[in-house]
Amino acid sequence: MRISKSFVPTLKEVPNDAVVTSHILMLRAAMIRMVSAGIYSFLPLGYKAAKKICEIIRQEMDAIGGQEFHLPALNPKEIWEETNRVEAFGDTLFHIKNREYVLAPTHEEIMTFHARNVLNSYKDMPQIWYQIQTKFRNEARPRSGVIRSRQFLMKDSYSFDTSWEGLDHSYELHDKAYRAIFDRCKLKYFVVGASSGAMGGTGSEEFMVKSDAGEDTVAHCESCGYAANVEVAESRVNSKIRDEKSKDVYEIHTPNVKSIDELCEFLNIDESECAKSRVYIHNGEAVLVLMQGNDEVNESKLTKALGGNIRPAHPEELMEITGADAGSIGPIGYKGRIIADNRIKDANNLYSGANKNDYHLGGIDLFRDVNNVEYLDLRTVLSGEGCPRCENNLQVFSAIELGHIFKLGTKYSEAMGAMFLDENGKENPIIMGSYGIGVERIMACFIEQHNDENGIIWDKVLAPFDVHLIALNMKKQQITEAAEEVYNKLINQGVDTIYDDRVDAQAGVKFKDADLLGMPLQIIIGEKKLKEDLLEVKIRKTGKRFDVPVDEIHNKVKEILTND
RNA sequence: CGGGGUGUAGCGCAGCCCGGUUAGCGCGCUUCGUUCGGGACGAAGAGGUCGGGGGUUCGAAUCCCCCCACCCCGACCA
C-alpha cells in the first residue's frame, strides 16, 4: 500500500477526548475515528488488524468444529419476548422506532430459533455455531475508546448438546480454543472462574487482561494462577489471636474520635485490636457488621450471605438504632443481629464503640460479652495479602474482560421450546453453552500491552502490514528507483508492505509515522547507504538496526518474518 | 441516571473572571523558493454559524437562562 495514495491520517498530537493509551494510539495511528460516543469507524489500517484478529478466531473456532453463521443484527422483538429478555436487558437493548424490531446485543435467541425444530434428534448433536458480527448495546456510559462502546464486534458461539457431559465437553473445547486464540494474539491474560450471573447457568470463566482501563477489579496470584473478582476473592490473613486473659469491659472517654485511625492514635493501640462497626439495613432490619481494624466490608459477600437487599444505614437511622453516631457504635449493648468477620472470631480485649457518642469500650470479649455473633468472611481483599491457594501474595488490580465462556444449560431452549428426542424417544430441552469474545478488546488490549513512547509495537500476527518501507527522499531518482523495485518485489513475494512514498514528507516525518504505526519491520532506503548498495532494516520491537545489501533484502525480510 | 469538567479553524490551545474595531497562537493545509537520516527554514495565502437557542446591553466568544455534544468519577453492565 502506497501511503501517498492511501488514507492514513496520523495525528501528531494527542486528541483531547482520548485518555487511555490504546485509545490514544488507535486514533493517532489512523486506525479508528469516533463518530459519536461509543461509536467508531475502523479506518483501513484498523480494519486490517481487526480482520487479522477475526481470522485467528475463525481458525481456532473451526478447529473445534465450529461452523460460522452470519445472523441479522435486526431482530423481531417477539423472539426476545419469548425469553423475557426485552425486560431483562431494559435500557441496554436498542429498540427500533418505526417497527417492532430490536438491535441484537447478543444472539442466544436467534441461534436457539434456528436450533428449535431442526435439531430435533439426539443424532443431530453436538453442534457448535458461531459468528463474528456487530453487536449493539445502549451502554449508559461508553468509555475508554473502543473498550466499552455501543456498537462493537463480537465473536459469539453457542453449543448444543444432549447431555450435561456433552456440555462440559463443548465448554472444554471452547476453553482450549480461547487460550489458543489469546496466546496467538500475544496477550498476557488470566482466567477468572466467575460465579453464574444473571444469565443463569452452572459455570463460567472470564478471560481477563490487567489494565487500568478495566472495569472489573480482580485479585490475582502470579505464581499459582488463582484469580477472582474482588467481590468474591479470598485471601490468607492473620486472625486476631485470643489473649490468654480477658480484661473487664471498661469505658474510655474519646472526644471527637471517629475513625479507627483516630482511635488508634488516641489510645496508642494497633488497629488489629479494634472492631469497626458498620450498620446495614437488610430487608428492613438493622444488622451490625463488625470488621477488624480498617478492613473494608465487602458488600457483595454480605449480600450473598444474607440474601435479599442490603444498604448502609443512613446517619439519622444510626442514632435511632444504636443511640450513637457513626464512629461510636459497637457490639456491647447493641440489640439486634450481629455479624462479624472471621478475622475477629471469638477475639478478646478488643476496642470498639460504646453506642454513646464520644465514648469507646475496651476489654471487649466477643465470646464472653456478645451473644449470638455470626462469623463470616466479609473482608475485601487487598493487594499484597496471601494467596489462598499458595504461599505467594495476591495482587489486586483492574482488568478488562476479553472473553467469557458460559454453561447456559436449558434456560433458552426451555423458554423457546428447543426440544429434541433422546434415544428412548423422550423429549428433552437442548443443553446449551454460550461463549463470547470482544474483537476490539483484543486489539485494544494488545496495544495496551505492546507500545512505547513512540507508538504501537505490532507483532506480525496482528500487524496491519509486515513491513514498513521508507524511501527517505523521493526527489532523488536513485532512491525512488530502488524503493520501487524493493516494494514491487516484496509485494510479489506476498510480503504485505506499506510503502511511504510521499514526495513532500521529511525523513523525520516518515520515521515518526513508521514508529507510530508500529509495523514489525522497517526498511529504510537512504542516499548514503544506497551508494554502497545497502539498505537499513529496523526491528520496531527492539529498535535494532542493521544494514543489508540491496540484493539480499528480500531473503532477509523473509528470514526475519519467519523466525521471529 | 448522580457528581465534576470541557466545547473558539482539520488537530492542540489562548482570549471569557473585568463586554468594546477586521477573534488570536502552534501544528496541519495551499503556492513559491531553499533544505533533505528523526515531526526543517523563509515568503505569500486559504480556512471560523466562537456547540445551539433565547435573554440582558448602544454593543456579547465574554454576563444570565435553557438545551445539546463530548470527556472523567460513580451507579449500571446480559
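Provided above is the structure to which this section pertains.
Quick summary incoming for the structure in this document. (Residues numbered from 1 in each chain as written. Chains lettered and ligands numbered in written order. Predicted model: local features only at pLDDT ≥ 70, side-chain atom pairs only at ≥ 80, totals over all residues. Heavy atoms only, no water.)

Moving on, we get to empty space enclosed by the protein. In this structure the tally under the stated criterion is one cavity of 30 Å³ or more. Volume-wise, the largest cavity comes out at about 30 Å³. Lining the largest cavity are Pro520, Leu521, Ile539, Ile560, Leu561 and Asp564. Among the residues forming the lining of the largest cavity, the class breakdown is five nonpolar, no polar and one charged. (1 Å grid on protein atoms, 1.4 Å probe; cavity = no way out; pocket = protein on both sides within 12 Å on 5 of 7 lines; lining within 4 Å. Points joined across faces, edges and corners; volume = space filled by probe spheres on them. Nonpolar A, V, L, I, M, F, W, Y, C, P; charged D, E, K, R; others polar.)

Our focus in this paragraph is a negative patch on the surface. Where like charges cluster on the molecular surface, the negative patch consists of Glu481, Glu485, Glu532, Asp533, Asp551 and Glu552. The class of Glu532 is exposed, set by a relative accessible area of 56%. (Patch = residues over 30% accessible without salt bridge, like charges linked within 9 Å, V, L, I, M, F, W, Y side chains within 5 Å. Areas by Shrake-Rupley, 256 points an atom, 1.4 Å probe, with all protein chains shown as cover. Salt bridge = Lys/Arg side-chain N within 4 Å of Asp/Glu carboxyl O. Lys, Arg positive; Asp, Glu negative; His and termini not counted. Charge placed at Lys NZ, Arg CZ, Asp CG, Glu CD. Buried < 20%, exposed > 50% of the residue type's maximum accessible area, 1.4 Å probe, protein only.)

What follows is about the protein's contact with RNA strand B. Around RNA strand B lies a shell of 39 residues, among which Arg137, Arg141, Arg148, Asp515 and Arg545 are the nearest. The sugar-phosphate backbone supplies 43% of the atoms of RNA strand B found within 4 Å of the protein. Taking Ala37, its main chain carries an N or O atom lying 2.8 Å from a phosphate oxygen of RNA strand B. A distance of 3.2 Å is found between a base nitrogen of RNA strand B and a side-chain nitrogen or oxygen belonging to Gln506. (Near = heavy atom within 4 Å. Polar contact = N/O pair within 3.5 Å; in protein donor to acceptor, adjacent residues only side chain to side chain.)

Right, let's talk about the packing of helix H2 (residues 44-63) against helix H6 (residues 164-184) for a bit. Relative orientation of the contacting elements H2 and H6 amounts to 150 degrees, with a least axis distance of 9 Å. With respect to their mutual orientation, H2 and H6 come out roughly antiparallel. For H2 against H6, the interelement crossing comes out right-handed. Contact residues: Ile56, Ile57, Gln59, Glu60 and Met61 in H2; His174, Ala177, Ala180, Ile181 and Arg184 in H6. (Axes fitted to C-alpha atoms, helices over the stretch in contact; angles between N-to-C directions. Helix = DSSP H or I, 4+ residues; strand = E, 2+ residues; numbered from the N terminus. Parallel < 35°, antiparallel > 145°, perpendicular 65-115°, else oblique. Left-handed = near helix turned anticlockwise from the far one by under 90°. Contact = heavy atoms within 4.5 Å.)

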